[in-house]
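Below, each chain spelled out in residue letters.
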Amino acid sequence: MMAVKKNTYINTELDWAEQQLSSWKEYVDANPLHTLEDRIKWKETKAGGAMPMVIASIESQGKFVQETMKNYLALLKEVDVMREKQEAKKVETRGGQELGSMAEEFLKGRG
């Protein structure tokens, strides 16, 4: 039973990591560096007027997009390693059936 729990945990982590990769990729694709502009909000002054304030400069947004790209590539590498480990653990059976936890433990004990 323990092997199934560990396998489920790894699959859950792998699924989460793949969702993060998808989210980060969408963000980077939606914010190409060459289209970035300063994000400005208007702040009320004491006199009742309004003054523009840069809340996210082009430079800070560009840095964030580049950091997201670095994190994406690092996580992608980890996901690939996790996938390889999962594939290496799979044992081929007749009919494409999955092994039960007892059979997996038996095979581990022999290896």
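Let me begin by describing the structure that accompanies this report. If you're wondering where the values come from, they're calculated on a predicted model, not measured in any experiment.

1. A few points about the pairing of strand 1 (residues 39-44)
Within a regular strand, the side chains alternate between the two sheet faces.
(1) Moving on: Of all six residues that make up strand 1, zero are buried, and the element is exposed over most of its length.
(2) Moving on: Pairing of strand 1 with strand 2 (residues 50-56) involves six bridges; the strand directions are antiparallel. Looking at strand 2, one finds that isoleucine 40 is bridged to valine 54.
(3) Moving on: Joining the antiparallel neighbours strand 1 and strand 2 is a turn of five residues, in which glycine 48 adopts a positive phi near 95°.

2. Some thoughts on helix 2 (residues 58-89)
(1) Moving on: The terminal C-alpha atoms of helix 2 lie 46 Å apart, and with 32 residues this matches the ideal 46 Å at 1.5 Å per residue to within 8%.
(2) Moving on: All buried positions along helix 2 are accounted for by Gln61, Gly62, Val65, Thr68, Tyr72, Leu75, Val79 and Gln86.

3. Describing the pattern of salt bridges
(1) Moving on: Following the criterion strictly, the structure yields four salt bridges and no others.
(2) Moving on: Where glutamate 18 meets arginine 83, a salt bridge forms, and the shortest distance between an N and an O atom there is 2.7 Å. Within this pair, whereas glutamate 18 is found in helix 1 (residues 2-30), its partner arginine 83 is found in helix 2, the two being separated by 65 residues in sequence.
(3) Moving on: According to the relative accessible area criterion, arginine 83 is partly exposed, its value standing at 35%.
(4) Moving on: Taking the shortest distance from any N to any O, the salt bridge between lysine 70 and glutamate 67 comes out at 3.7 Å. Taken together, the residues span about one helical turn, with lysine 70 and glutamate 67 both in helix 2 at a distance of three residues.
(5) Moving on: We classify lysine 70 as exposed; its relative accessible area is 54%.
(6) Moving on: Several salt bridges converge on common partners, so that one network encompasses Glu18, Asp80 and Arg83.

4. So, the side chain of glutamine 61
(1) Moving on: Relative to the helices and strands, glutamine 61 resides in helix 2.
(2) Moving on: Residue glutamine 61 is classed as buried on the basis of its relative accessible area, which comes to 9%.
(3) Moving on: In contact with glutamine 61, other than residues within four places in its own chain, are Leu36, Glu37, Asp38, Arg39 and Ala56.

5. Re the nonpolar core
(1) Moving on: Formed by Leu14, Ala17, Leu21, Tyr72, Leu75 and Val79, the largest nonpolar core amounts to six residues.
(2) Moving on: Only helix 1 and helix 2 provide two or more residues apiece to this core.

6. Remarks on the side chain of threonine 68
(1) Moving on: In this structure, threonine 68 sits in helix 2.
(2) Moving on: Taking the relative accessible area as the measure of exposure, threonine 68 reaches 8% and is therefore buried.
(3) Moving on: Setting aside chain neighbours within four positions, we find threonine 68 in contact with Trp24 and Val28.

Conventions used here
- Residues numbered from 1 in each chain as written.
- Predicted model: local features only at pLDDT ≥ 70, side-chain atom pairs only at ≥ 80, totals over all residues.
- Heavy atoms only, no water.
- Buried < 20%, exposed > 50% of the residue type's maximum accessible area, 1.4 Å probe, protein only.
- Helix = DSSP H or I, 4+ residues; strand = E, 2+ residues; numbered from the N terminus.
- Pairing = 2+ DSSP bridges.
- Expected span 1.5 Å × (residues − 1).
- Salt bridge = Lys/Arg side-chain N within 4 Å of Asp/Glu carboxyl O.
- Contact = heavy atoms within 4.5 Å.
- Core = buried A, V, L, I, M, F, W, Y, C linked by side-chain atoms within 4.5 Å.

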